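# Structure at a glance
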Amino acid sequence: MSRTALRICPLCEATCGLTLTVEGTKVTGARGDRDDVFSKGFICPKGASFGAVDGDPDRLRAPLVRKDGELREASWQEAFDAVAAGLRPVVERYGPHSVGVVLGNPNVHTVAGGLYPAVLVAGLGTRSLFTASTVDQMPKHVSSGLLFGDANAIPVPDLDHTDHLLLIGANPLESNGSLCTAPDFPGKLKALKARGGTLTVIDPRRTRTARLADRHVSIRPGTDALLLAAMTSVLFEEGLVDLGDLGPHVEGVEEVRAALRDFTPDAVAEACDVEAPVIRALARELAAAPTAAVYGRIGSCTVPHGTLASWLVDVLNILTGNLDRPGGALFPLAATDKTPRPAGPGRGFALARWHSRVSEHPEAKGELPLSALAEEIDTATEEGEPIRALIAVAANPVLSAPDGDRLDKALDSLDFMVSLDPYLNETSRHADVVLPPPPPSQSPHHDFAFNTLAVRNQVRYTRPAVPLEPGRMAESEIFARLVLAATGMHGADPSAVDTLVLDQTLGKAVKEPHSPVHGRDPRELATLLTGDNGPERRLDMMLRLGPYGDGFGVRPDGLSLRKLLAHPHGIDLGPLRPRLPQPLKTRSGRVELLPRPIADDLPRLREALAQRPDGLVLVGRRHLRSNNSWMHNVPALTGGSNRCTVHIHPEDAERLGVRDGAPVRVKGAGGEVTAPAEVTDGVRRGVVSLPHGWGHDRPGTRMSHAATDPGVNVNQLLDGSLLDPLSGNAVLNGVPVELAPVT
Ligand SMILES: Nc1nc2c(c(=O)[nH]1)N[C@H]1C(S)=C(S)[C@@H](COP(=O)(O)OP(=O)(O)OC[C@H]3O[C@@H](n4cnc5c(=O)[nH]c(N)nc54)[C@H](O)[C@@H]3O)O[C@H]1N2
Ligand SMILES: Nc1nc2c(c(=O)[nH]1)N[C@H]1C(S)=C(S)[C@@H](COP(=O)(O)OP(=O)(O)OC[C@H]3O[C@@H](n4cnc5c(=O)[nH]c(N)nc54)[C@H](O)[C@@H]3O)O[C@H]1N2
Ligand code: SF4
Ligand SMILES: [Mo]
């Protein structure tokens, strides 16, 4: 007997609603949920393979604990005893910063990852926090922090309504979108064109997205900030600046004009390898469109001027009056966002409140660069203790961060390491304890992170599609127990963690004059919460306190968990709407268009005007049927051309004597790798491309299918020294490499 169950897909940022076919406890099929209020039936090959991803026989079923050097299955009790015994002596002897926390990408795709990391980090009191953000979007957080006073206030292009989309360093036809949650991104781009709109793509590769574009600009990697600065200077020079309704909310326009004056199209053309008239045309088209949105992603972030490029994306949106207006780029308002406070000056955004010990990198958003993790473990200094214990949650930095070989060795030298991860992989193989979460079908789902980045306001929640198998523990409970074991409360009831958060949040809410529960008794509010468990009660609380919430009875039609459960396909909350000035938390209460740290970084960009790399540079790429480092173990997603090959332009191949399909050696500052060449004019001259997340040939892992076609770790070509200084983000694109055929 089979049945169906709804489940939001956790496999990428598009958050599609799926209808799963379940036989017994096994997911045997997945199709798009046509009644989903947001995704309306869309599904991609990864979502369609949900059952295979979920049922992968290599997923760990029980915790592993290291005994006599070997990882062996153990009970949950033994596992958490070992975590407490491993972490507490390190904290007590060397202090809180000697425990590192690494949070990987899937934390933004799980309920547990949305609810517990902040409690863990605050409870430990460690400054040694590293996340996937610093190999990804940290530049955008920093530019938003500086412009708007809130690192999480990220404007999202209004895909459904814009007349002109300028896409920079993003390939949503493979990635399905990022920092822009939009199920069926490809369909939305086609709809844009069908309604007469225009799509421009800036990418050194002729991607599937670029092939859809009206105009594709094949830029030299790493030079987007120059190009965008030149577009800005054209807007000023040609009198195309028009802030529209934004005027009263923005300061610093004249300062930007002066600061960018010398970044003319002629000045940047050679460095970008884009002709000056093209740059002028890009600026004019942007200004002329009735509405337009500039959107930059990975290719604009993971470069030496990532923060400047991210800043310029919004500068262009602002100077053309497109920020915060329909068809432009708007701030979403998610159901679990805090109750919006009245507009007015805020506390602003602080950078560099502390520094990393070894290379003295500034913190950003409370994080240190993932690129610096290895040296923070393996290098002693007089400044303080190195990291001696590590908590890794849903992270595989041995493959995803620069210089995996060095990190590999560093992890081996730790006193203690625990991984919360379903697989024994390149990173978790170093752990002393591995805590496996249940597969997604056995977990609830709500998108705490992605609803704040969605192109339409909506809210959805799905309970586990399949009950927990015997011996399994919910990821939220694992995380809560991990928090307790790490903070000296091992053995306490894990619901204590949720109770603590509920009490603190409600206690704060009743004191806020703008809160719907102002002046009420927090204990009374706590008794009103519904939900089967701590995480559900926390979701209920956030929904009810949130911008659409029932305010614990104040607005009876408002949102609550109960209401959400009555709408299994979700609740639509309408299109994105103008919100300024409310989201601004800068000290001035306005958009600060030329913040000091940005102005101070411009001389570095000016130096880049003169740079003309003569050798090859490396960029990455993504493939629709893969996802970072952990989906190569699913046979259904690994066939065909989904491979770890070096893309190289025919002219470069000929010059270097590289033949299609033959192995080539790629050498970078951090090491070298050998992979087959794929000669294609899909990359521009002077650029080679190799995807990340491969290199599954290390011993001691348990990913049997991935090991049959391991590929190589592109991040071994990096040594971790190349960063965007403002954000600490790793430079993963535009990296100099040497290449030679293997003879
Ligand atoms: N060269 C290069 N490097 C890159 C990038 C690039 O473009 N080029 N991209 C970067 C980007 S954008 C990112 S986000 C990072 C990603 O790098 P990481 O954050 O390290 O993420 P993944 O490779 O996705 O590994 C995720 C880990 O989570 C585990 N996992 C999967 N599902 C779950 C779950 O439900 N719960 C838990 N607890 N664990 C789970 C997996 O087994 C795996 O170990 O890589 C970065 N590295
Ligand atoms: N199928 C699949 N989907 C994914 C993932 C995955 O691994 N596979 N990962 C998920 C994650 S964690 C993220 S963060 C998102 C990322 O989502 P996207 O940002 O859309 O990621 P990519 O597909 O890597 O596209 C980045 C593009 O930038 C280009 N590029 C490289 N260097 C430069 C440069 O200097 N300038 C410009 N203008 N372009 C450049 C590359 O050629 C590439 O086409 O995808 C998510 N979705
Ligand atoms: S687009 Fe993303 S969320 Fe949608 S089905 Fe595919 S992997 Fe899942
Ligand atoms: Mo990412």
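Sequence order as written defines residue numbering, which begins from 1 separately in each chain. A letter from A marks each chain and a number from 1 marks each ligand, given out in the order of writing. Given that this is a predicted model, residues contribute local features only at a pLDDT of at least 70 and side-chain atom pairs are listed and counted only at 80 or more, while totals for whole chains, interfaces and linings are drawn from all residues. Only hydrogens and water are removed before side-chain values are computed, so all heavy atoms of the structure are retained for them.

Taken together, the residues surrounding ligand 3 are Cys-9, Leu-11, Cys-12, Ala-14, Thr-15, Cys-16, Phe-42, Cys-44, Lys-46, Gly-47 and Asn-176. In this count, Pro and Cys sit with the nonpolar residues alongside Ala, Val, Leu, Ile, Met, Phe, Trp and Tyr, while Asp, Glu, Lys and Arg are called charged and the others, Gly among them, polar. In the shell around ligand 3, the residues fall into 7 nonpolar, 3 polar and 1 charged. Only a single heavy atom is needed: when it lies within 4 Å of a molecule or strand, its residue is near that molecule or strand.

Let us now look at the site of ligand 2. Surveying the vicinity of ligand 2 reveals 31 residues, the closest of which are Ser-175, Asp-203, Gly-222, Asp-224 and His-623. Polar contact is the term for a pair of N or O atoms within 3.5 Å; when the atoms are in protein, one must be able to donate a hydrogen and the other to accept it, and sequence-neighboring residues count only if both atoms are side-chain atoms. One nitrogen or oxygen atom from the side chain of Lys-46 is found 3.1 Å from a nitrogen atom belonging to ligand 2. Within the backbone of Ser-626, one N or O atom sits 2.8 Å away from a nitrogen atom of ligand 2. Of all elements in the fold, only helix H7 (172-175) and helix H14 (298-301) reach the threshold of two or more residues within the shell around ligand 2. Residues of the shell around ligand 2, tallied by class, amount to 10 nonpolar, 13 polar and 8 charged. Mapping the shell around ligand 2 onto the domain boundaries places at least three of its residues in each of domain 3 (138-337 + 581-605) and domain 4 (613-741). Note on conventions: DSSP H or I runs of at least 4 residues are helices, E runs of at least 2 residues are strands, and numbering of each starts at the N terminus. Note that the domain bounds reflect an automated or database-derived domain assignment.

On to unusual backbone geometry, then. A cis geometry characterises the amide bond from Leu-580 onward to Pro-581, with omega recorded as 5 degrees. Considering the arrangement of structural elements, one finds Pro-581 in the loop between strand S19 (571-575) and strand S20 (591-592). Residues other than glycine seldom take positive phi values, yet Asn-176 does so here, at roughly 65 degrees. Within the secondary structure layout, Asn-176 lies in the loop between H7 and helix H8 (185-194). Positive phi, close to 60 degrees, is recorded for Lys-365, a residue that is not glycine. If you trace the backbone, Lys-365 turns up in the loop between strand S14 (329-330) and helix H16 (373-378). Only protein chains enter the calculation, and the probe is 1.4 Å; a residue is then buried if its accessible area is under 20% of its type maximum, exposed if over 50%, and partly exposed in between. Among the residues examined, Lys-365 registers a relative accessible area of 28% and is labelled partly exposed.

Glancing now at the side chain of Glu-367. Take Glu-367: it is sitting in the loop between S14 and H16. The sign given to each residue is positive for Lys and Arg and negative for Asp and Glu; His and the chain ends receive no count. The salt bridge criterion pairs a side-chain nitrogen of Lys or Arg with a carboxyl oxygen of Asp or Glu, the two atoms within 4 Å. Here Glu-367 occupies a buried position and makes no salt bridge, while the nearest side chain of opposite charge, Lys-365, is found at 4.5 Å. A distance of 2.8 Å separates polar atoms of two side chains, one belonging to Glu-367 and the other to Thr-131. Between two residues, a contact is recorded if the distance between any of their heavy atoms is within 4.5 Å. Ignoring anything within four residues of it in the chain, the contact list for Glu-367 reads Leu-129, Thr-131, Ser-133, Thr-134, Met-138 and Pro-362.

Each residue after the first adds 1.5 Å to the expected span of a helix. When the terminal C-alpha atoms of helix H19 (residues 475-486) are compared, their 16 Å separation across 12 residues agrees well with the 16 Å that a helix rising 1.5 Å per residue should span. Across the 12 residues that make up H19, a large majority, 10, are buried. The set of residues buried in H19 consists of Glu-475, Ser-476, Ile-478, Phe-479, Ala-480, Leu-482, Val-483, Leu-484, Ala-485 and Ala-486. With its phi angle positive at about 85 degrees, Gly-488 sits one or two positions after the end of H19.

Let us look at the pattern of salt bridges. Inspection of every chain in the model, using the stated rule, returns 44 salt bridges. Across the pair Lys-585 and Asp-150 runs a salt bridge whose closest N-O atoms are separated by 3.4 Å. Of this pair, Lys-585 sits in the loop between S19 and S20 while Asp-150 is found in the loop between helix H6 (138-148) and strand S8 (156-157), placing the two residues 435 residues apart along the sequence. Through salt bridges with shared partners, a single ionic network connects Glu-237, Glu-238, Asp-266, Arg-280 and Arg-284.

The next thing to look at is the sheet that holds strand S28 (residues 735-741). Any two strands with at least two DSSP bridges between them are considered paired. Pairing within the closed barrel is mixed, and its 6 strands lie in the order S21-S25-S22-S24-S23-S28. Within the sheet, the average angular offset between the axes of one strand and its neighbour, ignoring direction, is 45 degrees. Direction of pairing for strand S22 (residues 646-648) relative to strand S25 (residues 687-689): antiparallel, over a ladder of 2 bridges. Counted as the bridge partner of His-647 is Ser-689 from S25. Lines fitted to C-alpha atoms define the axes here, with helix axes fitted over just the stretch in contact, and angles between the N-to-C directions of these axes take values from 0 to 180 degrees.

What follows covers the nonpolar core. Put simply, a nonpolar core is a bunch of buried Ala, Val, Leu, Ile, Met, Phe, Trp, Tyr and Cys residues held in one set by side-chain atoms that sit within 4.5 Å of each other. Judged by nonpolar contacts, the single largest core of 63 residues is most densely connected at Leu-227, Met-231, Trp-311 and Leu-593. Elements with a minimum of two residues in this core: H6, strand S9 (164-168), helix H10 (224-237), helix H11 (253-259), helix H12 (265-272), helix H13 (276-288), helix H15 (306-319) and helix H24 (596-608). With 10 residues, H10 is the single largest residue contributor to this core. Discounting residues that sit within four places of it in the chain, Trp-311 has contacts with Ser-143, Leu-147, Val-256, Leu-260, Leu-593, Leu-594, Pro-595, Ile-598 and Leu-602. Counting residues in each nonpolar core, the second largest holds 55 residues, with Val-83, Val-119, Leu-333 and Ile-478 among its members.

Only Phe, Tyr and Trp rings take part, Trp by its six-membered ring, and two of them pair if their centres are within 6.5 Å. Stacked means planes under 30 degrees apart, edge-to-face means over 60, and tilted covers everything else. Scanning all chains against the criterion turns up 4 aromatic pairs. Centroid distance Trp-76 to Phe-80: 6.1 Å. Interplanar angle 20 degrees. Geometry classified as stacked. In this pair, Trp-76 and Phe-80 both sit in helix H3 (residues 76-94), 4 residues apart, roughly one turn of the helix. Side by side, Trp-76 and Phe-80 carry an identical accessibility label, which is buried. In our convention, an over-ring charge means Lys NZ or Arg CZ found within 6 Å of a ring centre and within 35 degrees of that ring's normal. The ring of Tyr-116 has Arg-538 sitting right over it, with the charged end atom 5.1 Å from the ring centre. Here the basic side chain of Arg-544 rests over the ring of Phe-552, its NZ or CZ set 4.5 Å away from the ring centre.

If you trace the 3 strands from one edge of the open sheet to the other, you get S1-S2-S3, paired in antiparallel fashion. With one partner strand each, in any of the chains shown, strand S1 (2-8) and strand S3 (26-32) form the two edges of the open sheet. If you compare each strand with its neighbour and ignore which way they point, the axes differ by 30 degrees on average. Of the pairings in the sheet, the one linking strand S2 (residues 17-23) to S3 comprises 6 bridges and is antiparallel in character. Looking at S3, one finds that Val-22 is bridged to Val-27.

So, about the domain arrangement of the protein chain. The domain architecture assigned to the protein chain consists of domain 1 (2-54), domain 2 (59-126 + 369-445 + 461-489), domain 3 (138-337 + 581-605) and domain 4 (613-741). Between the C-alpha centres of domain 1 and domain 4 the distance comes to 31 Å. With 7 residues of domain 1 at the contact, the number on the domain 4 side is 9 residues. Both sides of the domain 1 and domain 4 interface together cover about 650 Å² of buried area, and 80% of this is carbon and sulfur. Summed over the shared surface of domain 1 and domain 4, the number is 0 salt bridges. Viewed at the interface, domain 4 and domain 1 are joined by 1 residue pair in polar contact (both at pLDDT 80 or more). Those elements that provide at least two residues to the side of domain 1 that touches domain 4 are helix H1 (45-48) and helix H2 (50-54). As used here, buried area is the combined drop in accessible area, with a 1.4 Å probe, of two parts when they are placed together.

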